[in-house]
Amino acid sequence: WQMRTNRDLLISGAFMAWAIFLKLICGAFLAVMVVALLMRRGSDRRARLVNVLALIAAFVVADGAWTLRNALVNHRFAPLSNGWFLGEGVDPYVDLARMVMAMGGDVVYWERPDADLRWFNMGAAKDSLGHPIPNARPARIPEWWATQGCPMDTLERIAVANLQRQDTNVATGDRDRASSEVMRLCTRCREAFIAERPFEHQVKARLRLLKLFVVQPGTPYHFRTTFDRMPLHVKAVKLANMLLYILVIVSAVVGSMIFLIRPTDGIQRLLAALFVCGVLVIPFVIRYTEGRYMAPVWPLALLIVAALFSRAHRNKPNPTPRP
């Protein structure tokens, strides 16, 4: 039995390593599974450690080879990736995004027309002469984003400079200076916000990001036309997808709370822990709330919903047969 368990864990670990290289967020799932194995009852410490080694073996080998490659090629210690944010200090979008994420804002401007980053004129349209136009539907940014080190007029300067750097009719040198100003001011504002508003940065911003990540229509890429302009059949499809998303997410949240508080078996508790981790790690750790990062969580949500309704059906008493 122990040999079969370790073999299954080796196979599972190989699939987990593959998933992590496809999407780094799956590394959080591997960490949860390691903790679950270490906390498992009914086996001694040595058996649990062997189980953990079997689970992580494939990832350790693959990531070890990749880390060695990065050290030889890039001359730096970089497991899996060279960093979460590539292009800081070079690409103004990266510095803008880091600032807005630190404040708890929405940076996915290409997906949502009211994203906070649109207030800073990201993704501005151009007129017939090629001049960028200030965004017409920017979200009103919260007043608590302003600090002594970065008052509201400085945030407005960032928006103006970001618009100027997108104007191809402006001389290259002026555009470069506008880009440098955007990056410099964004770094200053982010550092000021973190230093002056620690509660907002650590708590309030994360809760705002959690809302952005979870409260969504569930169909971000397929329906770019506004709802009032959609034909009736497209409206029906969109509403059906929204309803499905709401039902699955709400049921998964309820089910995960039940399985964590009153588990009937270890698999249900593990599923709940994986789901909660997948939902929280994006807004609480990475802070990048693009809808596609819900994809690794969705299968877990479906499994929890299936287990929840299966459990409710099993617990339902059988009706008394009529004579």
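Just above sits the structure.
Residues numbered from 1 in each chain as written. Predicted model: local features only at pLDDT ≥ 70, side-chain atom pairs only at ≥ 80, totals over all residues. Heavy atoms only, no water.

Caption draft 1: Focus on the overall build of the protein chain. Each helix and strand counted, the protein chain has 10 helices and 0 strands in total. Along the protein chain, helices (α) and strands (β) appear in the sequence α-α-α-α-α-α-α-α-α-α when read from the amino end. Considering the protein chain as a whole, with its 323 residues, one finds that 41% of them fall into the buried category. Within the protein chain, contacts between residues separated by at least 24 positions form 63% of all contacts whose residues are at least 6 apart in sequence. (Helix = DSSP H or I, 4+ residues; strand = E, 2+ residues; numbered from the N terminus. Buried < 20%, exposed > 50% of the residue type's maximum accessible area, 1.4 Å probe, protein only. Contact = heavy atoms within 4.5 Å.)

Caption draft 2: Spotlight on a nonpolar patch on the surface. On the surface, Ile11, Phe15, Trp18 and Leu22 cluster together to form a nonpolar patch covering roughly 490 Å² of accessible area. Within the secondary structure, Ile11 is located in helix α1 (residues 2-22). (Patch = residues over 30% accessible without salt bridge, like charges linked within 9 Å, V, L, I, M, F, W, Y side chains within 5 Å. Areas by Shrake-Rupley, 256 points an atom, 1.4 Å probe, with all protein chains shown as cover. Salt bridge = Lys/Arg side-chain N within 4 Å of Asp/Glu carboxyl O.)

Caption draft 3: Structural context of the state of the cysteines. One pass over the full model with this rule turns up 1 disulfide. Left without a disulfide partner, Cys186 is nearest to the cysteine sulfur of Cys189, which lies 6.8 Å away. We classify Cys186 as buried; its relative accessible area is 0%. (Disulfide = S-S within 2.5 Å.)

Caption draft 4: Representation of the packing of helix α8 (residues 232-261) against helix α9 (residues 266-286) in the model. Interhelical geometry of α8 versus α9 gives an angle of 130° and a closest axis separation of 8 Å. One way to sum up the angle between α8 and α9 is to call them oblique. Here α8 and α9 pass one another in a crossing that is left-handed. Contacts between α8 and α9 involve Ala252, Val253, Ser256, Met257, Phe259 and Leu260 from the first element and Gln268, Arg269, Ala272, Ala273, Phe275 and Val276 from the second. Among the residues making up the contact of α8 with α9, the classes are represented as 9 nonpolar, 2 polar and 1 charged. (Axes fitted to C-alpha atoms, helices over the stretch in contact; angles between N-to-C directions. Parallel < 35°, antiparallel > 145°, perpendicular 65-115°, else oblique. Left-handed = near helix turned anticlockwise from the far one by under 90°. Nonpolar A, V, L, I, M, F, W, Y, C, P; charged D, E, K, R; others polar.)

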